[in-house]
Amino acid sequence: MDSDDEFMSGLSSQDEDDFGGAQESDDGSLGDEFDDEEEPDVGFSQDKDLKPARKSYEVDYKVFSPADIQLHQDKQIDEVSAILGQPSEASAILLRHLRWNKERLIEAYMEKPDAVLETAGLGPDAAQTPTTKVIKGFTCDICCEDTPGLETYALKCGHRYCTDCYRQYLAQKIKDEGEAARIQCPTRGCHRIVDAKSLDLLVAAELRSRYQVLLTRTYVDDKENLKWCPAPNCEYAIECGVKKKDLSRIVPTVACSCKHRFCFGCTLSDHQPAPCSLVKQWIKKCEDDSETANWISANTKECPKCSSTIEKNGGCNHMTCRKCKHEFCWMCMGLWSEHGTSWYNCNRFEEKSGSDGRDAQAKSRQSLERYLHYYNRYANHEQSAKLDKDLYLKTERKMMNLQTASGMSWIEVQFLDTASQALQQCRQTLKWTYAFAYYLQRNNLTEIFEDNQKDLEMAVEGLSEMFEKPTTELAALKVDMMDKTSYCNKRRVILLEDTAQNLKAGE
Amino acid sequence: MFANKRLGKELAKIQQSLPPGIDFVSAPDFKQWEMDIRVLDANPLYADQTYRLRFRFSPNYPIEAPEVTFIHLSQPLRTIPIHPHIYSNGIICLDLLGTQGWSPVQNVESVCMSLQSMLTGNTKNERPPGDEEFVRRNTQRPRDIRFVYEDSSV
């Protein structure tokens, strides 16, 4: 465990030192080789000691602005272009073709350059500048136009169409279908890709900018270690090295520059400490009709003869199925006729005949209750977080009032803001601890988990209560509130740290 | 319009000659045409049957794919052919009719031929999986459906 941590934080510092700025872990396998070599180097441990140790529930990540993304792309294109001796348009196509896997591209190219160029849609002599041509006796296969003097264009594949049709075709692809990096020749079955130069020649300026936007988008979409921040209108992307296969053991929570906190694994908002797969299951469970089914099985019984579902909403135990007219006892599910004279009072409960059905009933009821226990608490924290958010909006006003009422300065009332943010974050965590707990198997660790959960919950409720105090009392509560805030945060860290470690160990 | 000139030329050619098994039915305007197709071999699933196709063109045809569906008629009798890629409401799941697979070089005739060979090559007497559910719930036009093409064998 420990050595692993050291190794990881050692890496992060090394990355920043060795690669300037944002470039670092782009080069997947190359980077890995690098790390393996450098690992035994003790020099880094000194570096590490200077940095605060990373918590085991935290991951390394980096936020990219749109300009950064563009820069990155260009940088890699330049690099590849220099190595392969291809013009940058061709290098860009090659990189996009291999989904920005630089190492694979270089390797494949070194082995079979022609084959790589061919599959990427770049035939021989891709370096020429494209031009439109007027061909004598030409008929466009798309619009059937055959007027003499028609401007035509063909990619290297030689499939020639009039420029109008080409333009229409590209506009359709870019505007309506949102395609950019992999627009192919209009001919069916021809996989030649329309390169940036041809595009520049054929397409109007306003579409060109759209094309650039789409290209940038595919860059982020293509790279496994890059993801868009899912917040509305946010243009940033996050880089994080956590792989898909690690998601069962780690919850990679990242915070964008726009302040949105989300899980890099599934891009849902922060759901620590519950791992992605569990979150997915839980959300599905909560949305699903499966709970309706649970209700049915807990509150209804089936007719022992025809299996119609029956809800008993009153009356005695003598049931007559409306469908098949079967008469049975609601209590023991046995035949009514066997009840003899003990009519409205079933004393045959020990009888074997109905006991299986009763067992199933009880189990289903129990599992529903268990689910509701966790769900209610989960939903409660979600609801409270919403209320706290309203409160957060009011906090600002409170801070203003406090400034005028108590003569405190702006900086002195910041504790309210800090407290409110802590509250939000803790509730988010608490909410997911309940979903998490639902799937936990009972053992010693669950008890520790539940203790941690309880401690955090109490701390949160305590802090939440203080927020409801009138503004006039807040100034006097300042120290207390700051204490509680830091206590909340501490409890949250402890809980997350503990769960993350167990998760990593695969408990 | 963009589509009209091309459709005019296609129509002229279609009225002159068509491959065997493909017949022109009607083209009242440049928005909607109907064609008949039948298989040429003795495939027991489709032998002695004729099927009616409806083409709907957008003004952007042939840049955009036409919408092509089988339609049901009682006079003359036209049924929906049974095929693992044809839903019982006539909607066809075929990549060349989607934005990814469509090429503006395709035309009404080539689409008819593709569908003809899709029928000829089929031996499975079945509807697509989930047909009943799809047909019951589908309120969309074919062009708005996102098909996932996973089976290239049929």
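Residues numbered from 1 in each chain as written. Chains lettered and ligands numbered in written order. Predicted model: local features only at pLDDT ≥ 70, side-chain atom pairs only at ≥ 80, totals over all residues.

Chain B appears in an unreviewed UniProt entry as UBC core domain-containing protein from Imshaugia aleurites.

Looking up chain A in an unreviewed UniProt entry gives the name RBR-type E3 ubiquitin transferase, with the organism given as Imshaugia aleurites. Per its UniProt entry, chain A bears the Catalytic activity (unreviewed entry) comment "[E2 ubiquitin-conjugating enzyme]-S-ubiquitinyl-L-cysteine + [acceptor protein]-L-lysine = [E2 ubiquitin-conjugating enzyme]-L-cysteine + [acceptor protein]-N(6)-ubiquitinyl-L-lysine." (UniProt positions renumbered as here; feature names shortened; annotations may be inferred.)

With that settled, consider the overall build of chain A. Secondary structure assignment for chain A yields 16 helices and twelve strands. Sorting the 507 residues of chain A into buried and exposed places 28% on the buried side. Looking at chain A alone, contacts between residues at least 24 apart form 58% of all its contacts between residues at least 6 apart. (Helix = DSSP H or I, 4+ residues; strand = E, 2+ residues; numbered from the N terminus. Buried ≥ 20, exposed ≤ 12 C-beta atoms within 10 Å, placed from the backbone. Contact = placed C-beta atoms within 7 Å.)

This paragraph deals with the sheet that holds strand S5 (residues 226–228) of chain A. Residues and elements named next belong to chain A. An order of S1-S6-S5 is seen for the three strands of this open sheet, with the pairing classed as antiparallel. Either end of the sheet is taken by a strand with one partner, and the two such strands are strand S1 (61–64) and S5. With direction set aside, neighbouring strand axes in the sheet form an average angle of 25°. Here S5 pairs with strand S6 (residues 237–240) via three bridges, running antiparallel. (Pairing = 2+ DSSP bridges. Axes fitted to C-alpha atoms, helices over the stretch in contact; angles between N-to-C directions.)

Of all residues in chain A, 80% have pLDDT values of 70 or greater, and the mean over the chain is 77. Confidence over residues 1–51 of chain A falls short of pLDDT 50; this stretch has 39 contacts with residues more than four positions distant or in other chains. (pLDDT = per-residue confidence, 0-100.)

Before going further, it helps to spend a moment on the interface of chain A and chain B. For interface size, the figure often reported is the accessible area lost on association. Across the contact, twelve residues belong to chain A and 13 residues belong to chain B. Grouping the constituent residues of the side of chain A that touches chain B by class yields six nonpolar, three polar and three charged. (Nonpolar A, V, L, I, M, F, W, Y, C, P; charged D, E, K, R; others polar.)

All names here are of chain B. In space, the four strands of this open sheet follow the order S1-S2-S3-S4, with antiparallel pairing throughout. Every interior strand has two partners, whereas the edge strands, strand S1 (22–26) and strand S4 (67–71), have only one. Between one strand axis and the next, the sheet turns by 30° as a mean value, whatever way the strands run. Bridge analysis of strand S3 (residues 51–56) against S4 gives five bridges, and the strand direction is antiparallel. Following the sheet pairing, Leu 53 is matched in S4 by Phe 70. Across the face of the sheet, helix H2 (residues 108–120) comes into contact with S1, strand S2 (32–37), S3 and S4 while running at roughly 40° to S2.

Turning to unusual backbone geometry, a few remarks are in order. A cis amide bond links Gln 272 of chain A to the next residue, Pro 273 of chain A, at an omega of 5°. Tracing the backbone through its elements, the reader meets Pro 273 of chain A in the loop between strand S8 (261–263) and helix H11 (276–287). Note that the residue after Tyr 61 of chain B, namely Pro 62 of chain B, is joined by a cis bond; omega there is 5°. If you trace the backbone, Pro 62 of chain B turns up in the loop between S3 and S4.

All names here are of chain A. Residues of helix H6 (residues 102–111) that are buried: Lys 102, Leu 105 and Tyr 109. Projected down its long axis, H6 carries its buried residues within an arc of 65°, all on one side. Set apart from the buried face of H6 by more than 90 degrees, the exposed residues are Met 110 and Glu 111. Where H6 is buried, its residues meet helix H4 (66–84), helix H5 (88–97) and helix H7 (113–119). (Arc of directions from axis to C-beta.)

Quick look at the packing of helix H8 (residues 163–176) of chain A against helix H10 (residues 205–222) of chain A now. All names here are of chain A. The N-to-C vectors of H8 and H10 enclose an angle of 50°; their axes lie 10 Å apart at closest approach. One way to sum up the angle between H8 and H10 is to call them oblique. At the point where H8 passes H10, the crossing takes the left-handed sense. Every residue of H10 that contacts H8 at Ala 171, Ile 174 and Lys 175 is listed here: Leu 207, Arg 210, Tyr 211 and Leu 214. In terms of residue class, the contact of H8 with H10 is built from five nonpolar, no polar and two charged. (Parallel < 35°, antiparallel > 145°, perpendicular 65-115°, else oblique. Left-handed = near helix turned anticlockwise from the far one by under 90°.)

All names here are of chain A. For the pair H4 and H6, the least separation of the axes is 11 Å and the interaxial angle reads 15°. On the basis of the axis angle, H4 is roughly parallel to H6. In terms of crossing hand, the pair formed by H4 and H6 is right-handed. Facing Gln 76, Val 80, Ile 83 and Leu 84 of H4, the residues of H6 in contact are Lys 102, Leu 105, Ile 106 and Tyr 109. Across the contact of H4 with H6, the residue classes break down as six nonpolar, one polar and one charged.

Bringing the nonpolar core into the picture now. Among the nonpolar cores identified, the biggest contains 77 residues, and Leu 94, Leu 95, Cys 165 and Val 460 of chain A are the most heavily contacted of them. No fewer than three residues from each of domain 2 (68–222) and domain 4 (372–504) of chain A sit in this core. Residues within four places of Val 460 of chain A in sequence aside, it is in contact with Leu 423, Cys 426, Arg 427, Leu 430 and Cys 488 of chain A. Trp 33, Ile 86, Ile 91 and Leu 96 of chain B belong to the second-largest nonpolar core, a separate cluster that totals 26 residues. (Core = buried A, V, L, I, M, F, W, Y, C linked by C-beta atoms within 7 Å. Domains from an automatic or database assignment.)

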